[in-house]
Each structure stands twice: as structure tokens, then as C-alpha cells.
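# Working through the structure, step by step
Listed here are the chains, written in short residue letters.
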Amino acid sequence: MDVIETCNLVKKFGELEAVNRVSFTVKAGEVFGFLGPNGAGKTTTINMLCTLLKPTAGQATVNGFDVIKERSQVRESIGLVFQEPTLDDYLTAEQNLRFHAYAYGIPKNILEPRLKELLDMVELWDRRKGKISTYSGGMRRRLEIARGFLHHPRVLFLDEPTLGLDPQTRHRIWDYIHDLRKRENLAIFMTTHYMDEAENCDRIAIIDYGQIVALDTPERLKNAIGGDVIAIKTEDNEEALRLLEEEYKFAPSVENGVVSFTVPHGEEFLPGFVSGFPLRLLSIGLRRPTLEDVFLKLTGHAIREQQVDPMPRMRRMMRMRGH
């Protein structure tokens, strides 16, 4: 059963088309991810699905409810963990959860065991009386995730759920999320620009400049690259690119001084390539494809962690309209 359906969803801010005819579905119990850089349209899409923004065009339903015509029903059936912290620092963890429960009208006989269950699961029961101002970043994130689950939603939206956390804390957060998903059998829609975090998804939509450029399982996306990744450094990368394109008929790319291209059966390819390549090789490596490679191949650039300058994006869209 599909709990999220979108068809040609569009959101414009003036001349800037932040989301451009996005269509996808999410099934019950699925972890579905939007992978893309900051400014790609990930948060804008979540905000439309959560009824915080009205779409410019297109349709979307969440749990069978229209995001424009049935906003209240949508909000009652979803949980949302924002990219920015939304806990009240002056309240305790327990008070934050009780305020959320009051807003959703959760009966007391249901709330009490639910509080204990969720706070135990995210290892915060012993700190439930502590003010949020005394919590670490990882503790705050765990509490926000517990709060998102409190009212038994059908869909949980996670907008960059581990942004700014260290790798160990990020790993623990995902342990909690997977545990809660299995217990609740709900769908999770997440956004991220962390490649390793995207591996937690059953399916990924790669989004760039407001458009979905690929949608599949992580493994199928990586297999679609077509082989192993060879990465080389030479004394003249421009000449290396030319040779690989014209003589070897590859489609190489360069990022941070490293030239990369894909070949089938890389281990068998390397010996002849090393002995026959006319430029001096400073380094060479072989590895299996990653989601970073997928993003680079599909978009022509590496994923950007910094905020995107909207002007180049607008110029790119204007060029696209001219074709």
C-alpha cells in the first residue's frame, strides 16, 4: 500500500523553481530517502507533504489525504523531525513530550506507557527530568525522534535527521530509527546529503536542482554505473581526460585533482592500463562504486554540503528553458 503519492509536484518562489514536477510513491513500512545537496529541493518537498507549504502545481496525498484539501487529517497522521531543533530548552524532556501529547490529544492511559517505552528505547528515561538545555546534540536528536513517534503516526518525516552529529552518534540514531520502524511498521521519509546515511534507505530518489534524476535501491543505483571505479592522479589531468575520452572511449570526470572513470572487471583491466598509459601515473586506485559516484555520474558534479548559491541555479534553469 502506498502511504505517500506525488504527481508532478511543483513549488516556485518567484522565478526560482525549487521543486520541478516531482513524482514518486512511498509504501507502508518503507524507508524512502531524498539524497541531494543543500538547496536541491529536499526540505521544500517535505514541507509540502507536511502541509507547511502549498504546492504551486501538482498533486500529493499522505495516508490517503490530500495535502491541500485535507491538511488537518494529514497532520494528525504524520510525525515530523525538523532539520532545525524545535525542543523547548527551558522544559525537561518529559515536559516536551507531554506538551506534544496534549497537542495531539493522546489519552493519559495511552500516554504513560508510551512515554516509558519511547524514552527507554532512546536511552533517555533516566534523564527525563533533565532540562533540554543540559542535553548534548545527540540526546536532543534522540528525543526529537521519540517525540515524532509519540502519537503513533503512519509516516515519519526526517529532514536531515543526523545533521551536525558525529559518525558514532549518527550510527546510534539510525539503530533507534530502525528499531522503532520495525515495532511500529510505519513508513519513513528522510532527506540527507550524507552518502552513508542514504544506505539506510530501501529506495533512494537522487534529487538535484529540484528534479529527481534517479530512483531505485542503493545497490541497483550503484550497479547501474557499469563496473568498478578507477581513480588516477597524473602530472597533467587535462591531457589524461583527453586521452581517456578520445583514445580509451571512457567518460571520465575530475574532482579534487583526481580523475575517475568506470570499467567492467577493474582488476583485469588495470595491469594493461598501467603499462600502456602514456602519462606518468602519480597514483592509481580501484574500488566498487559508491552513491557519491552515482551522484557524480548522474549530475556531473559532486554533492555539495555548503548552501547553494541560487543565482547559478536560476541561470541554469533559464538555459534549460531556452532549449
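For the structure itself, look to the data block above.
Described below are features of the structure shown in this document. Remember, it's a predicted structure, so these values are computed and weren't measured experimentally. (Residues numbered from 1 in each chain as written. Predicted model: local features only at pLDDT ≥ 70, side-chain atom pairs only at ≥ 80, totals over all residues. Heavy atoms only, no water.)

Mapped onto the secondary structure, R280 falls in the loop between α10 (266–276) and β14 (281–287). The exposure class of R280 is exposed, given its relative accessible area of 52%. Taking the C-alpha atoms as reference, R280 lies 44 Å from P161; in sequence the two are 119 residues apart. Those residues within four positions of R280 in sequence are excluded, and the remaining contacts are K233, T234 and E235. One polar contact links R280 to E235, side chain to side chain, over a distance of 3.0 Å. (Helix = DSSP H or I, 4+ residues; strand = E, 2+ residues; numbered from the N terminus. Buried < 20%, exposed > 50% of the residue type's maximum accessible area, 1.4 Å probe, protein only. Contact = heavy atoms within 4.5 Å. Polar contact = N/O pair within 3.5 Å; in protein donor to acceptor, adjacent residues only side chain to side chain.)

The strand order β2-β1-β4-β5 describes an open sheet built from four strands, whose pairing is antiparallel. One side of each edge strand has no neighbouring strand; the edge strands of this open sheet are β2 (16–27) and β5 (65–66). Bridge count between strand β1 (residues 2–13) and strand β4 (residues 57–62): five bridges; the pairing is antiparallel. Looking across to β4, one finds that V10 is bridged to A57. Strands β1, β2 and β4 of the sheet are contacted by helix α1 (residues 42–49), whose axis makes an angle of about 120° with β1. (Pairing = 2+ DSSP bridges. Axes fitted to C-alpha atoms, helices over the stretch in contact; angles between N-to-C directions.)

The next thing to look at is the pattern of salt bridges. Under the definition given, this model contains 24 salt bridges. The salt bridge partner of D202 is R181, with a shortest N-O separation of 3.2 Å. Here R181 lies in helix α6 (residues 167–184) and D202 lies in the loop between α7 (195–198) and β9 (203–208), a separation of 21 residues in the sequence. Residue D202 is classed as partly exposed on the basis of its relative accessible area, which comes to 33%. Note that E199 is salt-bridged to K222, the shortest N-O span being 3.0 Å. Here the residue E199 occupies a position in the loop between α7 and β9, and K222 occupies one in helix α8 (residues 218–223), the gap between them amounting to 23 residues. Among the charged side chains, a salt-bridge network with shared partners connects R114, E117, D179, R183 and E184. (Salt bridge = Lys/Arg side-chain N within 4 Å of Asp/Glu carboxyl O.)

The sheet contact formed by β1 and β2 spans eight bridges and is antiparallel. By the bridge assignment, K11 is partnered in β2 with V19. Counting the residues that bridge the hairpin from β1 to β2 gives two residues, and of these G14 lies at a positive phi of roughly 65°.

Of all six residues in β9, six are buried, a share of seventy percent or more. Examined bridge by bridge, strand β3 (residues 31–35) and β9 share four bridges and lie parallel to one another. Counted as the bridge partner of F32 is R203 from β9.

Another point: the state of the cysteines. With the rule as written, the count across this model stands at zero disulfides. Here C7 stays unpaired: no disulfide links it, and the sulfur of C50, its closest cysteine neighbor, is 19 Å away. Among the cysteines around C50, which has no disulfide bond, C201 carries the closest sulfur, lying 16 Å off. (Disulfide = S-S within 2.5 Å.)

Turning to the packing of helix α5 (residues 137–149) against α6, a few remarks are in order. Across the interface, α5 lies against α6 with an axial gap of 10 Å and an inter-helix angle of 15°. Between α5 and α6, the angle falls in the class roughly parallel. Where α5 crosses over α6, the two elements pack in a sense that is right-handed. Only T169, R172, I173, Y176, I177, L180, R181 and E184 of α6 make contact with α5, whose side of the interface consists of G138, R141, R142, I145 and F149. The class makeup of the residues in the contact of α5 with α6 is six nonpolar, two polar and five charged. (Parallel < 35°, antiparallel > 145°, perpendicular 65-115°, else oblique. Left-handed = near helix turned anticlockwise from the far one by under 90°. Nonpolar A, V, L, I, M, F, W, Y, C, P; charged D, E, K, R; others polar.)

Mapped onto the fold, N256 is located in the loop between β12 (253–255) and β13 (258–263). In this structure N256 comes out as exposed when scored by relative accessible area, which is 71%. A sequence separation of 79 residues divides N256 from I177, and the C-alpha atoms of the two residues are 34 Å apart.

A few words now on the nonpolar core. Counting residues in each nonpolar core, the largest one holds 46 residues, and the members touching the most others are L35, L143, I145, L150, L158, I204 and L291. If you look at the next biggest cluster of nonpolar residues, it comprises 26 residues, including V26, A40, I46 and V155. (Core = buried A, V, L, I, M, F, W, Y, C linked by side-chain atoms within 4.5 Å.)

Bringing unusual backbone geometry into the picture now. Notably, E123 is not glycine yet its phi reads approximately 60°, a positive angle. Position of E123 among the secondary structure elements: in the loop between α4 (108–121) and α5. Positive phi values are uncommon outside glycine, yet Y209 reaches one of about 50°. Position of Y209 relative to the elements: it lies in the loop between β9 and β10 (211–216). Assessed through its relative accessible area of 15%, Y209 is described here as buried.

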